[in-house]
Amino acid sequence: MDQKEVFAEIVSILKRFARNQEALAQATPQTTFLKDLRVNSARLIDIVIEIQEKFSIEVSDEEADKVHSIGDAVALVVSKLSPQ
Amino acid sequence: MSRPAVGNDVVDLAEPEAGLALGKRGFVERVCDDDERTRVASPRDLWTLFAAKEAAYKALVKLGADPGFRHRAIHVAPDQTSVRFGETRLSLSVTGGDDHVHAVAWSGAAIPTARLARTRTAPPDEGARARALLCAILADVVGCDPAELQVVRDRVHGAWDGYGPPRVERAGLRVEADVSLSHDGRFVAAAALPAAPGPPPEV
């Protein structure tokens, strides 16, 4: 799965949780979860859980703490899907 | 760490996702430590712990701590009167009704004043309602008209939205109180913790 596909999957996950759907419709890698999409902290947990399930990966609290934008999430997922 | 800092968090239990969280694989495990998990039997139990941790997070950040995304690292005491993060202990108050939970966490000996209100205002005006509630609280404390008070946030590089925690000014001067805002669903909430009086001046 390449970056473009991961980006599309993450945007799809975010549709249920973003309060600012207009911002999501124009999402870029720089779009932030809290400020731009107005996702609250409880939904942020939901998003992390859904990303784990969608891509069959584990995301630690420390890794999740560094994810502020869609681009951060894409980079994290791609790094975990890439063969070491 | 006796500097007064307060955080508050409200959860609308009628929000659709609030009712689903308990059944979601991994949600409780992500939020609660082993001890807390034994206390979660209902959505209300879960969101009480969550609100307590969020309230504590807001106060801890102002005290210089960095809990980050580690909800499990903030432990809520079984009697729900305190929270602990590492060596830091905060007082805790949890109130609520059938449809909401409101938690307030604070440091120091003074007791904060907190209020909660229902709102039907559609986003994004809920933030304005929370700020109005905060001004009403502080107006009572300061003894002035709420209209004289203004909630401001300073620009802070690196903050999640580019701004630091809220504070209140009156006629351009800082009101010496730590404050916190929260909103979720139909509810807005605010808390204020006036600064402890300093030592008497030397004569």
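Above this note sits the structure.
Draft legend 1. Quick look at the overall build of chain A. When helices and strands are tallied, chain A shows five helices and zero strands. From first element to last, N terminus to C terminus, chain A shows the α and β order α-α-α-α-α. For chain A, whose C-alpha radius of gyration is 12 Å, the value lies close to the compact-globule estimate of 12 Å for 84 residues. Judged by the C-alpha coordinates and their principal axes, chain A covers about 35 × 25 × 20 Å. Across chain A, contacts joining residues at least 24 apart in sequence account for 48% of those joining residues at least 6 apart.

Draft legend 2. Summary view of helix α5 (residues 126-142) of chain B. Residue and element names in this part refer to chain B. For α5, built from 17 residues, the straight-helix expectation of 24 Å at 1.5 Å per residue is met to within 8% by its first-to-last C-alpha distance of 24 Å. Where α5 is concerned, the buried positions are E126, R129, A130, R131, L133, L134, C135, I137 and L138. In this fold, the buried residues of α5 make contact with β6 (113-118), β7 (149-155), β8 (163-170), β10 (177-184) and β11 (187-194). In the segment just after α5, G143 is the residue with positive phi, at about 85°.

Draft legend 3. Expanded view of unusual backbone geometry. All names here are of chain B. Located in the positive-phi region is Q80, a residue other than glycine, with phi close to 60°. Secondary-structure assignment places Q80 in the loop between β2 (74-76) and β3 (82-85). Not every positive phi belongs to a glycine, and A171 is a case in point at roughly 55°. Counting through the fold element by element, A171 comes out in the loop between β8 and β9 (173-174).

Draft legend 4. View of the sheet that holds β11 of chain B. Residues and elements named next belong to chain B. Read from one edge to the other, the open sheet built from three strands follows the order β6-β11-β10, with strand pairing classed as antiparallel. Only two strands of the sheet have a single partner each, and these edge strands are β6 and β10. Recorded for the sheet is a direction-independent mean angle of 10° between the axes of neighbouring strands. Relative to β11, β10 runs antiparallel, the two being bridged by eight bridges. Each residue of the ladder has a partner; that of S180, found in β11, is A191. Packed onto the sheet, α5 meets β6, β10 and β11 and runs at close to 35° relative to β11.

Draft legend 5. Main features of helix α3 (residues 41-55) of chain A. Compared with an ideal rise of 1.5 Å per residue, which puts 15 residues at 21 Å, α3 of chain A spans 21 Å between its outermost C-alpha atoms and is within 8% of the ideal. Those residues of α3 of chain A not exposed but buried are A42, R43, I45, D46, I47, V48 and I51 of chain A. Buried residues along α3 of chain A sit in contact with α1 (3-14), α4 (61-65) and α5 (70-81) of chain A together with α1 (16-20), α2 (27-31) and α4 (43-62) of chain B. A positive backbone phi angle near 55° is found at S56 of chain A, which sits one or two residues after α3 of chain A.

Draft legend 6. Examining the packing of α1 of chain A against α3 of chain A more closely. Residues and elements named next belong to chain A. Relative to each other, α1 and α3 sit at 135°, their axes nearing to 10 Å. Taken together, the axes of α1 and α3 are oblique relative to one another. Our pair here, α1 against α3, has a crossing hand that is right-handed. On the side of α1, the interface is formed by E9, I10, I13 and L14, while α3 contributes I47, E50, I51 and K54.

Draft legend 7. How the structure looks around the packing of α1 of chain A against α5 of chain A. All names here are of chain A. Put simply, α1 and α5 touch, their axes get as near as 9 Å, and they point 120° apart. The angle between α1 and α5 falls in the class oblique. You can see that α1 and α5 cross each other, and the crossing is right-handed. Contacts between α1 and α5 involve Q3, V6, F7, I10 and V11 from the first element and I70, A73, V74, V77 and V78 from the second.

Definitions and limits used
Residues numbered from 1 in each chain as written. Chains lettered and ligands numbered in written order. Predicted model: local features only at pLDDT ≥ 70, side-chain atom pairs only at ≥ 80, totals over all residues. Helix = DSSP H or I, 4+ residues; strand = E, 2+ residues; numbered from the N terminus. Rg over C-alpha atoms; globule rule 2.2 N^0.38 Å. Contact = placed C-beta atoms within 7 Å. Expected span 1.5 Å × (residues − 1). Buried ≥ 20, exposed ≤ 12 C-beta atoms within 10 Å, placed from the backbone. Pairing = 2+ DSSP bridges. Axes fitted to C-alpha atoms, helices over the stretch in contact; angles between N-to-C directions. Parallel < 35°, antiparallel > 145°, perpendicular 65-115°, else oblique. Left-handed = near helix turned anticlockwise from the far one by under 90°.

Function cannot be inferred from these measures alone, as they are strictly geometric.
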